[in-house]
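# Residue-level structure breakdown
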Amino acid sequence: VQLQASGGGSAQAGESLRLSCAASGFAFSVSNMAWYRQAPGKQREFVARINGVAGTNYANPVKGRFAISRDNIKNMVYLQMNNLKPEDTAVYYCNAEASPFGLSAEAWGRGTQVTVSS
């Protein structure tokens, strides 16, 4: 199982970034995929989730600004982050959830740093 996140970087407040996560080694199309983030000195927190039929849910701080999507042909999941705020600064992690038809245990990718300056 591999999850490779990319697309992080630096941005000014109000700008946009798009994160990508390339998945391999498991039944991607039937797996719920998610993004989490961890800011310095804080616990990792949920950001967004998408299921196999593109149903989504979001953490309150990012609702209306972030959009999660997936491509079941390319085995990719994306996080479009708009109107970024300094409080979005964190390491962002791609997550594949365990499911009856997919992974027996959740999987995590290496994080990608997002830094937003005011």
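Above this note sits the structure.
Residue positions within a chain follow its written sequence, with the count starting from 1. Under the rules for a predicted model, residues below a pLDDT of 70 receive no local features and side-chain atom pairs below 80 are neither given nor counted, while totals for whole chains, interfaces and linings still include all residues. Here the side-chain values reflect all heavy atoms present in the structure, with hydrogen atoms and water set aside.

## Structural notes on the state of the cysteines
By definition, a disulfide is the covalent link that joins the sulfur atoms of two cysteine residues. Here, the term disulfide refers to a pair of cysteine sulfur atoms separated by no more than 2.5 Å. Taken as a whole and judged by the stated rule, the model has 1 disulfide. Note on cysteine connectivity: cysteine 21 is disulfide-linked to cysteine 94, with sulfurs 2.1 Å apart. Disulfide cysteine 21 to cysteine 94: torsion about the S-S bond roughly -85°, handedness left-handed. One end of the pair, cysteine 21, is in strand 3 (residues 17-24); the other, cysteine 94, is in strand 9 (residues 90-96), and 73 residues separate them in sequence. Each member of the pair, cysteine 21 together with cysteine 94, is buried. Elements are defined by DSSP. Helices are runs of H or I of four residues or more, strands are runs of E of two residues or more, and each kind is numbered from the N terminus. Partly exposed describes any residue whose relative accessible area lies between the buried limit of under 20% and the exposed limit of over 50%, with all areas from a 1.4 Å probe on protein chains only and scaled to the type maximum.

## Observations regarding the side chain of arginine 70
Tracing the sequence through the fold places arginine 70 in strand 7 (residues 66-71). Within this scheme the basic residues Lys and Arg register as positive and the acidic residues Asp and Glu register as negative, but His and the chain ends are omitted. Here, a salt bridge means any Lys or Arg side-chain nitrogen found within 4 Å of an Asp or Glu carboxyl oxygen. The side chain of arginine 70 is buried and forms no salt bridge, while aspartate 71, the nearest opposite charge, is found at 8.2 Å. Pairs of N or O atoms are called polar contacts if they sit within 3.5 Å, as long as, within protein, a hydrogen donor faces a hydrogen acceptor (for residues adjacent in sequence, only side-chain-to-side-chain pairs). A polar side-chain atom of arginine 70 sits 2.6 Å from the main-chain carbonyl oxygen of phenylalanine 28. Only 3.0 Å separates the side chain of arginine 70 from the backbone oxygen of asparagine 51, close enough to count as a polar contact. We call two residues in contact when some of their heavy atoms are within 4.5 Å. With sequence-adjacent residues up to four places away left out, arginine 70 is seen in contact with Phe28, Ser29, Ser31, Asn32, Met33, Ile50, Asn51, Gly52, Met76 and Val77.

## Focus on the nonpolar core
To qualify as a nonpolar core, a set must consist of buried Ala, Val, Leu, Ile, Met, Phe, Trp, Tyr and Cys residues joined through side-chain atoms within 4.5 Å. Residues Leu3, Met33, Trp35, Leu79, Met81 and Tyr92 are the most contacted members of the largest nonpolar core, which totals 31 residues. With sequence-adjacent residues up to four places away left out, leucine 3 is seen in contact with Cys21, Ala22, Ala23, Phe26, Met33, Cys94, Asn95, Ala96, Ala107, Trp108, Gly109 and Arg110.

## Overview of the pairing of strand 5 (residues 45-50)
Two elements, strand 4 (residues 33-38) and strand 5, share 5 bridges in a ladder whose sense is antiparallel. The residue bridging tyrosine 36 from the neighbouring strand is phenylalanine 46, located in strand 5. Here strand 4 hands over to strand 5 after 6 residues, with glycine 41 in that stretch at a positive phi of 75°. DSSP bridges decide pairing: two strands pair if at least two such bridges lie between them. Pairing geometry for strand 5 and strand 6 (residues 56-58), over 3 bridges, is antiparallel. Paired with isoleucine 50 across the bridge in strand 6 is threonine 56.

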